[in-house]
Amino acid sequence: IGHSLDERILLDLMRVGVREFLVLPFPRKTVAEALDRAQSQLSRRPLPSLETEHVYCFLPAKAGVGTSTIALNAAAAIAQLPDTRAILADFDLNSGMQRFMLKLHNSFSVSDAVEHSLQMDENIWGPLVSNVGHLDVLHAGPLKPNVRIESHQIRSLVEFMRRNYKALVFDLSGNLELYSIELMHESKKIFLVCTPELPSLHLAREKYAFLKSLDLHSKVSVLVNRCQKRPLITPAQIEDLLGLPVFMSFPNDYRTVTHALEIGRAHV
């Protein structure tokens with residue numbers, strides 16, 4: 001669009017493949033004809049979708065169940081797959097652990113990404129993320145309890161990430177903030193992480209019921225962390241209590257990391 005018809009501008013536009021140029025004040029008939037031509041062109045040669053569907057949320061039943069460790073290792077495994085660019089974003093803005101676990105020193109964080117979400121491009125995005133091996137990480141930053149994140153900011157940020165990564169992994173706080181709910185609506189799978197202890201299982205059941213009220217239950221898979229060799233509560237009892245099957249359980253030893261890697265490889 002432009003204020004006047006300039007032959008030099010038209011020549012430049014033609015060189016970069018622009019097919020339509022509208023001049024103010026945009027007569028209704030001219031706009032309609034341009035839209036008809038664009039629609040006809042797209043019907044003959046539809047554009048392929050460039051946005052990934054691989055968006056995964058890791059939601060703790062309660063604090064301290066090991067969600068961040070599992071999310072980190074799953075994201076790392078995904079990033080090791082061929083031709084797979086992955087991002088791990090820590091949206092636990094009050095207790096985010098990814099920065100500490102990975103010893104990141106980047107001063108930019110999720111709140112900075114959200115602030116610039118509506119103007120986000122590759123130049124803004126580059127300094128915001130830290131590269132750890134094959135994985136990009138956007139950490140939660142220092143404690144910021146008063147940060148407000150709006151739904152339209154989350155949608156814009158996720159849209160940008162979908163276009164630039166094959167897999168998105170979100171580490172959530174478990175507090176069910178509005179932005180966390182928005183992220184779960186955007187996701188393909190929600191991993192609800194708990195341990196085989198009654199308080200954790202009770203809260204897992206409560207959160208699953210809440211997600212069910214939002215029509216998100218079909219996306220939920222349960223991960224049971226820190227399982228003992230002789231558990232007081234068996235996997236079958238956990239499934240009866242929660243009302244859905246256990247997708248995977250992690251033993252209370254070093255093999256937790258190995259199993260977390262299996263999750264990442266299995267879903268992308």
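Right above here is the structure, for reference.
### Some words on the sheet that holds strand β1 (residues 54-60)
Thinking step 1. On the basis of which strands lie adjacent, the open sheet formed by eight strands has the order β3-β4-β2-β5-β1-β6-β7-β8 and mixed pairing. At either end of the open sheet lies a strand with only one pairing partner, and these are β3 (130-132) and β8 (246-251). Across the sheet, the mean angle from the axis of one strand to that of its neighbour is 25°, orientation sign disregarded.
Thinking step 2. Here β1 runs beside strand β5 (residues 167-171); their pairing, made up of five bridges, is parallel. Across the sheet, tyrosine 56 pairs through a bridge with valine 169, a residue of β5.
Thinking step 3. Running over the sheet, helix α7 (residues 151-164) touches β1, β2 (86-90) and β5 and is turned about 140° from β5.
Thinking step 4. Where helix α8 (residues 178-186) meets the sheet, it contacts β1, β5 and β6 (189-194), and its direction lies at approximately 140° from that of β1.

### Things to note about the pairing of β8
Thinking step 1. Taken together, the four bridges between strand β7 (residues 220-227) and β8 define a ladder with parallel strand orientation. Within β8, the residue paired with leucine 223 across the bridge is methionine 248.
Thinking step 2. In this fold, β7 hands off to helix α10 (residues 235-242), which returns the chain to β8; that crossover is right-handed.

### So, helix α1 (residues 7-15)
Thinking step 1. Structurally, the start of α1 carries an N-cap: the backbone nitrogen of arginine 8 is 2.8 Å from a side-chain oxygen of aspartate 6.
Thinking step 2. Positive phi shows up at glycine 17, right after α1, with a value of about 90°.

### A closer look at the side chain of threonine 52
Thinking step 1. Within the secondary structure, threonine 52 sits in the loop between α2 (28-44) and β1.
Thinking step 2. Its relative accessible area of 10% is what places threonine 52 among the buried residues.

### Focus on empty space enclosed by the protein
Thinking step 1. Taken as a whole and assessed by the stated rule, the structure comprises one cavity of 30 Å³ or more.
Thinking step 2. Put simply, the largest cavity is a space of about 30 Å³.
Thinking step 3. Leu93, Ser109, Ser111, Ala140, Pro142, Lys144 and Val147 are the residues that line the largest cavity.
Thinking step 4. In the lining of the largest cavity, the residues fall into four nonpolar, two polar and one charged.

### Notes on the pattern of salt bridges
Thinking step 1. Summed over the entire model, instances satisfying the criterion amount to nine salt bridges.
Thinking step 2. The shortest N-O distance in the salt bridge between arginine 8 and aspartate 6 comes to 3.4 Å.

### So, the layout of surface pockets
Thinking step 1. The calculated volume of the largest pocket comes to roughly 330 Å³.
Thinking step 2. When the residues that make up the lining of the largest pocket are grouped by side-chain class, the tally is six nonpolar, 10 polar and four charged.
Thinking step 3. Split by residue class, the lining of the second largest pocket holds four nonpolar, three polar and three charged.

### Points about the nonpolar core
Thinking step 1. Ranked by size, the top nonpolar core spans 48 residues in total, and within it Phe91, Trp125, Leu138, Met161, Phe170 and Met184 carry the most contacts.
Thinking step 2. Each residue touching methionine 161, except ones within four places of it in the same chain, is listed here: Ile87, Ala89, Trp125, Leu168 and Phe170.
Thinking step 3. Core analysis: the second largest hydrophobic core is formed by 23 residues, Ala71, Val137, Ala167 and Leu223 among them.

Conventions adopted
- Residues numbered from 1 in each chain as written.
- Predicted model: local features only at pLDDT ≥ 70, side-chain atom pairs only at ≥ 80, totals over all residues.
- Heavy atoms only, no water.
- Pairing = 2+ DSSP bridges.
- Helix = DSSP H or I, 4+ residues; strand = E, 2+ residues; numbered from the N terminus.
- Axes fitted to C-alpha atoms, helices over the stretch in contact; angles between N-to-C directions.
- Contact = heavy atoms within 4.5 Å.
- Right-handed = clockwise from strand over helix to strand, strands pointing away.
- Polar contact = N/O pair within 3.5 Å; in protein donor to acceptor, adjacent residues only side chain to side chain.
- Buried < 20%, exposed > 50% of the residue type's maximum accessible area, 1.4 Å probe, protein only.
- 1 Å grid on protein atoms, 1.4 Å probe; cavity = no way out; pocket = protein on both sides within 12 Å on 5 of 7 lines; lining within 4 Å.
- Points joined across faces, edges and corners; volume = space filled by probe spheres on them.
- Nonpolar A, V, L, I, M, F, W, Y, C, P; charged D, E, K, R; others polar.
- Salt bridge = Lys/Arg side-chain N within 4 Å of Asp/Glu carboxyl O.
- Core = buried A, V, L, I, M, F, W, Y, C linked by side-chain atoms within 4.5 Å.

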